[in-house]
Amino acid sequence: MKQVFVMGSGVMGRGIAQVAATSGYEVTLYDVSQTALKSALDTIGWSLGKLKEKGKIQEEPEKIQARISTVTELTDVEKAEIVIEAIPENRALKEKLFQELDQRCGEHTLLASNTSAIPITELACATKRREKVVGLHFFNPVPMMNMVEIVRGQDTSDETIETAKSFVTSLGKKYCLVQRDVAGFVMNRIGICSSIEAIRILEEGVATVEEIDQGMRMAYGWSMGPLETFDLSGLDVALNAALAIYEETQDPKFLPPVTLRRLVASGNLGRKTGKGFYDYTLKK
Ligand SMILES: NC(=O)c1ccc[n+]([C@@H]2O[C@H](COP(=O)([O-])OP(=O)(O)OC[C@H]3O[C@@H](n4cnc5c(N)ncnc54)[C@H](O)[C@@H]3O)[C@@H](O)[C@H]2O)c1
């Protein structure tokens, strides 16, 4: 496998493009927004520079970045051996894209989704290659987090799972094979639940944002607290993921609290907009 096509150049897509290029793949990064693509290339350049400074990569950042090309049309998608979708967590949008990809891609191309919580089988059903559709759930920030969930949809073939395992390993990452296609997979079923509980505790006035996060870092050894993790993920992403899990499980523990809904409605999406549970404009 040499050619990787990444769809969506936001927080996740740019990270996936970066690690794939670092591992020697030729990457095409696609987005509907030219501004997002420009910002993605800036972030990738900055991140590769930092990794080089710290001795975590050997190759020159410019050489790695030269393996990434950007497009705003689905140009050359038929050349890719794997397409990794990382567009917003919106079922209708993703299904439409999978339908289009199925028509345009070569018959051997694997279609992977980085969805946080939408069942892979539902995306696979938008295509005529259900056995070649798989979940590749990366974690944020992608260059730093060495875990990927590989999600088996109802019809994903063993061959596809084996290719996905080799691909993830070639990126220098470990995987957790999710054997059943449940909304939220493994990590988000646990992580989102904890963050929602933290918001409820906050709403009840039991403890402050800082105390909750610091407590979980110090008492449980988490590297980040549950509220700062949501801010890093993007509160819109977190809300949509929680809703997708709730929709499938009908379990009230996944029902997004009002505070989360209001923050998203007001455009306060966490780090990426400067404000969420924390105010990042004050932290400069
Ligand atoms: N943010 C996280 O921590 C995280 C972690 C794991 C998985 N995910 C999942 O990854 C996916 C992407 O999340 P993100 O945080 O990178 O989102 P984001 O909002 O940062 O980026 C999404 C990008 O997709 C682009 N886009 C929108 N519609 C498009 C289309 N039709 N075709 C191509 N590009 C389009 C947008 O311009 C934007 O640049 C979501 O499914 C999310 O649930 C996110």
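All values derive from a computational prediction rather than experimental measurement.

Next up on the list: the site of the ligand. The full set close to the ligand counts 25 residues, and Asp31, Glu89, Lys94, Ser116 and Ser233 are the nearest of them. Between the ligand and Asp31, the relevant distance is 2.6 Å, taken from an oxygen atom to a side-chain nitrogen or oxygen of the residue. Between the ligand and the protein, one listed contact pairs a nitrogen atom with a backbone N or O atom of Ser233 at 2.7 Å. In isolation the ligand offers 840 Å² of accessible surface; the protein chains occlude 86% of this area. Considering only residue class, the shell around the ligand consists of 11 nonpolar, 10 polar and 4 charged.

Further remarks concern the nonpolar core. Residues Val27 and Leu136 are the most contacted members of the largest nonpolar core, which totals 35 residues. For this core, the element with the most residues is helix H1 (residues 11-22), which contributes 6 residues. Dropping the residues within four chain positions of it, Leu136 is found in contact with Ile82, Ile84, Ala112, Ser113, Asn114, Val148, Glu149, Ile150, Ala164, Phe167 and Val168.

All right, on to helix H8 (residues 209-220) then. In a regular helix each residue adds 1.5 Å, so 12 residues correspond to 16 Å; H8 covers 16 Å between its end C-alpha atoms and thus fits that length. Among the residues making up H8, those that are buried are Val209, Ile212 and Asp213. The buried side chains of H8 occupy one side of the element, clustering within an arc of 95° when seen end-on. Seen from the buried face of H8, the exposed residues on the opposite side, beyond 90 degrees, are Glu211, Met218 and Ala219.

Another aspect to go through is the domain arrangement of the protein. The figure often quoted for interface size is the accessible area lost as the parts come together. Domains assigned within the protein are domain 1 (3-178) and domain 2 (188-276). For domain 1 versus domain 2, the distance between C-alpha centres works out to 25 Å. Opposite the 8 residues of domain 1 that make contact, domain 2 presents 10 residues. Both sides together, the interface formed by domain 1 and domain 2 hides about 790 Å², and carbon and sulfur atoms give 54% of it. Counting across the interface, domain 1 meets domain 2 through 1 salt bridge. Glu247 is paired through a salt bridge with Arg91; the nearest N and O atoms lie 3.7 Å apart.

Bringing the sheet that holds strand E6 (residues 133-138) into the picture now. In space, the 8 strands of this open sheet follow the order E3-E2-E1-E4-E5-E6-E7-E8, with mixed pairing throughout. Each of the sheet's edge strands pairs with one partner strand only, and the pair in question is strand E3 (68-71) and strand E8 (174-178). Between one strand and the next, the sheet's axes are offset by a mean angle of 25°, whatever the strand orientation. Taken together, the 5 bridges between E6 and strand E7 (residues 147-152) define a ladder with antiparallel strand orientation. Note that in E7 the partner of Leu136 across the bridge is Ile150. Packed onto the sheet, helix H6 (residues 158-170) meets strand E1 (3-7), strand E4 (82-85), strand E5 (110-113), E6, E7 and E8 and runs at close to 175° relative to E7.

About the thresholds
Residues numbered from 1 in each chain as written. Predicted model: local features only at pLDDT ≥ 70, side-chain atom pairs only at ≥ 80, totals over all residues. Heavy atoms only, no water. Near = heavy atom within 4 Å. Polar contact = N/O pair within 3.5 Å; in protein donor to acceptor, adjacent residues only side chain to side chain. Areas by Shrake-Rupley, 256 points an atom, 1.4 Å probe, with all protein chains shown as cover. Nonpolar A, V, L, I, M, F, W, Y, C, P; charged D, E, K, R; others polar. Core = buried A, V, L, I, M, F, W, Y, C linked by side-chain atoms within 4.5 Å. Buried < 20%, exposed > 50% of the residue type's maximum accessible area, 1.4 Å probe, protein only. Helix = DSSP H or I, 4+ residues; strand = E, 2+ residues; numbered from the N terminus. Contact = heavy atoms within 4.5 Å. Expected span 1.5 Å × (residues − 1). Arc of directions from axis to C-beta. Domains from an automatic or database assignment. Buried area = accessible area lost by both parts, 1.4 Å probe. Salt bridge = Lys/Arg side-chain N within 4 Å of Asp/Glu carboxyl O. Pairing = 2+ DSSP bridges. Axes fitted to C-alpha atoms, helices over the stretch in contact; angles between N-to-C directions.

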